[in-house]
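Observations on the model geometry
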Amino acid sequence: MRHIRIFDTTLRDGEQSPGVALSLQQKLEIAHGLARLNVDIIEAGFPVNGASEFECVSRIAAEVKGPVICALARTHKLDIERAAAALEKAEKKRIHVFTSASRVHLEYMLRKTPEEILEISDAMVRYARQFTDDVEFSAQDVMRADIDFVLRLYEAAINAGATTINIPDTTGYGTPQEYGALIRRIHEEVVRGRDVHISAHCHDDLGMATANSLAAVENGATQIECTINGIGERAGNTSLEEVVMALYVRRDHYKAYTQINTRELYRMSRMVERYTGMVVPPNKAIVGDNAFAHESGIHQDGVIKNKETYEIMNAELVGRQPAVLVLGKHSGRAAVKKALADLGYKLDDAQLGAVFARFREIVERKGPIEAEELRALVESESVSTPHLFRLERLQFFSGYGMLPTATVSLETPKGLVTTTAIGDGPVDAVYKALSEAIGFKPELELYRVEAVTGTTEALGEVTVKLKLGEVLATGHGVSPDIIEASARAYLDAANKLATGQSARHPKSLEEVQRSGLGK
Ligand SMILES: CC(=O)SCCNC(=O)CCNC(=O)[C@H](O)C(C)(C)COP(=O)(O)OP(=O)(O)OC[C@H]1O[C@@H](n2cnc3c(N)ncnc32)[C@H](O)[C@@H]1OP(=O)(O)O
Ligand SMILES: CC(C)C(=O)C(=O)O
Ligand SMILES: [Mg+2]
């Protein structure tokens with residue numbers, strides 16, 4: 001097994017993400033987090049950029065122990081001197097000197113000939129070696145460069161003292177086959193068994209950064225440059241969590257390992273997301289919200305039976321909570337049954353069928369629900385109470401300066417009954433219409449409404465107590481709409497009164513209607 005060094009450049013290339021500027025405190029916290037993650041090298045910044053960048057690199061160099069601390073420098077003496085000065089207090093320091101390789105960079109950006117670039121690179125690598133014996137050399141845009149020139153440039157850099165040669169696909173242009181083939185040629189024709197690390201530095205413009213970095217490993221690279229969450233210039237860099245977990249999960253294939261403490265990955269991802277303001281998409285591999293979530297019924301059923309059916313790694317391995325089963329539109333009975341069992345409910349098939357029918361109705365209207373909302377649902381009217389009255393339709397009209405009016409249609413033992421009433425508010429109007437439709441008039445002893453999970457998107461849960469003579473019944477109703485939940489709660493209690501399920505004096509519907517009509 002080969003050791004693949006993880007070179008984290010979140011604080012340098014990652015911070016080059018348009019719009020991102022990290023404070024000294026944030027950079028220090030990220031650097032300490034990277035040390036906990038156990039990365040091999042932290043590229044802390046580009047000191048010639050200015051006083052505050054210089055200060056960040058020096059503080060990281062002085063305070064963060066463990067990884068090699070690296071600073072970037074152009075092929076300019078001043079850049080190298082600023083890098084060396086900023087790294088002065090580091091236990092282990094690396095200067096990363098870079099030039100360019102492609103014709104378009106040389107001709108238009110640097111305005112130098114290939115021969116001049118060779119000469120300057122040789123001189124600047126030698127200069128950097130005067131400050132440290134750990135010097136990395138890069139030539140930007142190798143994938144659009146002339147291959148013979150690339151090989152000569154890296155040969156010159158090694159001869160000048162570079163101990164790591166980094167091969168940047170600066171514009172994310174290469175395919176895995178092409179990038180892998182280039183790394184192989186550099187390995188065989190330039191490094192030729194010398195004690196020099198080959199490093200992959202890939203950008204994600206075509207979404208191939210991770211694939212390209214792994215192709216590099218297959219072809220002789222022993223270092224990967226990457227960032228947390230894959231942030232960086234334009235479409236970003238290779239994502240650290242992706243390459244680390246790919247190397248771990250497919251160690252059978254790559255025959256390589258990193259020394260990353262994978263249980264810190266999720267924490268780091270959240271920290272970088274918070275500080276940079278670059279939101280991680282839900283479907284992002286390893287760290288996205290959905291990376292370990294299952295909503296489809298078939299997947300959920302498989303995962304309940306054996307999670308290996310749809311999971312190639314444990315969420316805990318990357319520092320996350322165990323995989324979750326999202327209760328949504330695509331869920332099946334297995335997931336709902338499992339969620340209910342986790343909540344302590346054991347339902348028979350008929351009860352499960354009733355809960356599942358209401359569950360489907362709700363998730364189609366409102367989207368996924370949480371376990372607590374499922375609990376509210378199961379405790380609501382649908383499950384345990386025999387239904388004499390079932391809500392078929394509900395319409396209400398209310399507003400400031402308006403007369404609250406409600407129309408309800410109930411399925412009753414006498415068939416469909418539709419009634420309309422006016423009330424002091426929409427719930428009052430609904431309750432008057434309901435009592436008209438059920439044929440008796442209980443008193444409302446208690447009315448309570450709550451948002452199950454405390455947000456405006458939560459299911460509304462209504463609890464009522466209805467009293468008919470001496471008999472009390474409690475009802476629960478749940479719905480994304482609190483007026484509907486109120487109607488359901490009322491009917492739940494009314495059904496209990498009418499079917500003798502209430503606390504005292506079981507009565508038949510006829511008795512209830514005879515004794516308690518109140519009209
Ligand atoms: C692919 C990468 O990620 S490369 C790193 C990119 N990162 C950054 O640029 C962030 C930090 N950059 C900075 O703070 C500034 O750009 C500085 C301090 C480096 C330079 O600032 P300025 O002097 O104002 O120059 P400016 O940014 O306008 O232009 C860049 C100059 O560097 C030169 N340059 C670019 N790359 C290199 C290199 N590898 N070696 C030598 N010179 C280089 C350019 O040719 C240009 O020179 P010119 O002004 O003579 O035309
Ligand atoms: C500085 C170099 C290594 C770079 O970031 C790139 O070429 O993408
Ligand atoms: Mg880069």
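Residues numbered from 1 in each chain as written. Chains lettered and ligands numbered in written order. Predicted model: local features only at pLDDT ≥ 70, side-chain atom pairs only at ≥ 80, totals over all residues. Heavy atoms only, no water.

1. A word on the nonpolar core
For clarity, the cut-off: Only buried residues count toward a nonpolar core. Its members are Ala, Val, Leu, Ile, Met, Phe, Trp, Tyr and Cys residues joined through side-chain atoms within 4.5 Å. Here the term buried applies to any residue with accessible area under 20% of the maximum for its type, exposed to any over 50%, and partly exposed to those in between, with areas from a 1.4 Å probe on protein chains only. Going along the chain from the N terminus, every DSSP run of H or I of four or more residues is numbered as a helix, and every run of E of two or more is numbered as a strand. Note that the domain bounds reflect an automated or database-derived domain assignment. Residues are treated as being in contact if the distance between any of their heavy atoms lies within 4.5 Å.
Among the nonpolar cores identified, the biggest contains 97 residues, and Tyr154 and Ile186 are the most heavily contacted of them. Looking at which element gives the most residues to this core, the answer is helix H6 (residues 147-160), with 9 residues. In this structure, this core is formed jointly by two domains, domain 1 (2-276) and domain 2 (293-378), each of which donates at least three residues. Leaving out residues up to four positions away in the same chain, isoleucine 186 has contacts with Val150, Leu151, Tyr154, Ile165, Ile167, Val191 and Ile198.

2. Digging into the coordination of the magnesium ion (ligand 3)
Condition: We call an atom a donor if it is N, O or S and sits within 2.8 Å of the metal, or 3.2 Å for Na, K and Ca. Water is not counted, so some sites may look partial.
Coordination sphere of the magnesium ion (ligand 3), protein contribution only: Asp13 (OD), His201 (NE2) and His203 (NE2), at 2.0 to 2.2 Å. Between the donor residues of the magnesium ion (ligand 3), the gaps in sequence give the motif D-x187-H-x1-H. By relative accessible area, which is 3% here, histidine 203 ends up buried.

3. Points about the packing of helix H8 (residues 209-218) against helix H9 (residues 240-249)
Basically, it comes down to this: Inter-axis angles, ranging from 0 to 180 degrees, are taken between N-to-C directions of lines fitted to C-alpha atoms, where helices are fitted over the stretch in contact. By definition in this entry, angles of less than 35 degrees are roughly parallel, angles greater than 145 are roughly antiparallel, angles of 65 to 115 are roughly perpendicular, and the rest are oblique. A clockwise turn of the near helix away from the far one marks a right-handed crossing, whereas an anticlockwise turn of less than a right angle marks a left-handed crossing. All amino acids are sorted into three groups, where Ala, Val, Leu, Ile, Met, Phe, Trp, Tyr, Cys and Pro are nonpolar, Asp, Glu, Lys and Arg are charged, and the leftover types, Gly among them, are polar.
Between H8 and H9, the least distance of the axes is 10 Å, while the angle of their chain directions is 45°. What the angle tells us is that H8 and H9 run oblique. The interaxial crossing formed by H8 with H9 has right-handed handedness. Contact residues: Thr210, Ser213, Leu214 and Val217 in H8; Glu242, Val243, Ala246 and Leu247 in H9. Its residues placed into classes, the contact of H8 with H9 shows 5 nonpolar, 2 polar and 1 charged.

4. Describing the site of ligand 2
Selection rule: Note on terminology: near, applied to a residue and a molecule or strand, indicates that one of the residue's heavy atoms is within 4 Å of it. For this analysis, a polar contact is any N or O atom pair within 3.5 Å, provided that within protein one partner can donate a hydrogen and the other can accept it, and provided that sequence-adjacent residues contribute only side-chain to side-chain pairs. Only the protein chains shown count as cover for residues, and the accessible areas themselves come from Shrake-Rupley with a 1.4 Å probe.
Near ligand 2 you find Arg12, Asp13, His96, Phe98, Ser138, Gln140, Asn166, Pro168, Thr170, His201 and His203, and these make up its full shell. Histidine 203 has a polar side-chain atom sitting 3.0 Å from an oxygen atom of ligand 2. Its free accessible area being 260 Å², ligand 2 has 95% of it covered by the protein chains. If you list the elements that add at least two residues to the shell around ligand 2, you get strand E5 (93-100), strand E6 (135-140) and strand E7 (164-169). Its residues assigned to classes, the shell around ligand 2 comprises 2 nonpolar, 7 polar and 2 charged.

5. Describing the site of ligand 1
Contacts to ligand 1 come from 15 residues, most closely from Gln16, Asn49, Arg74, Thr75 and Phe98. At 3.0 Å, a side-chain N or O of arginine 12 approaches an oxygen atom of ligand 1. Side-chain polar atom of threonine 75 to a nitrogen atom of ligand 1: 2.9 Å apart, as the coordinates give it. Starting from 1000 Å² of accessible surface for ligand 1 in isolation, the protein chains cover 57%.

6. Some remarks on the domain arrangement of the protein
Going by this rule: When two components associate, each loses some accessible surface as probed by a 1.4 Å sphere; the sum of these losses over both components is called the buried area. The working definition used for a salt bridge is a side-chain nitrogen of Lys or Arg within 4 Å of a carboxyl oxygen of Asp or Glu.
Taken domain by domain, the protein holds domain 1 (2-276), domain 2 (293-378) and domain 3 (386-516). The C-alpha centroid of domain 2 is placed 43 Å from the C-alpha centroid of domain 1. With 7 residues of domain 1 at the contact, the number on the domain 2 side is 7 residues. Together, the buried faces of domain 1 and domain 2 total about 690 Å²; carbon and sulfur atoms form 66% of this surface. Taken together, the links from domain 1 to domain 2 amount to 0 salt bridges. Taken together, domain 1 and domain 2 are joined by 4 residue pairs in polar contact (both at pLDDT 80 or more). Counting residues per element, the ones that place at least two in the side of domain 1 that touches domain 2 are H9 and helix H11 (265-276). Broken down by element, the residue count for the side of domain 1 that touches domain 2 peaks at 3 residues, all from H9.

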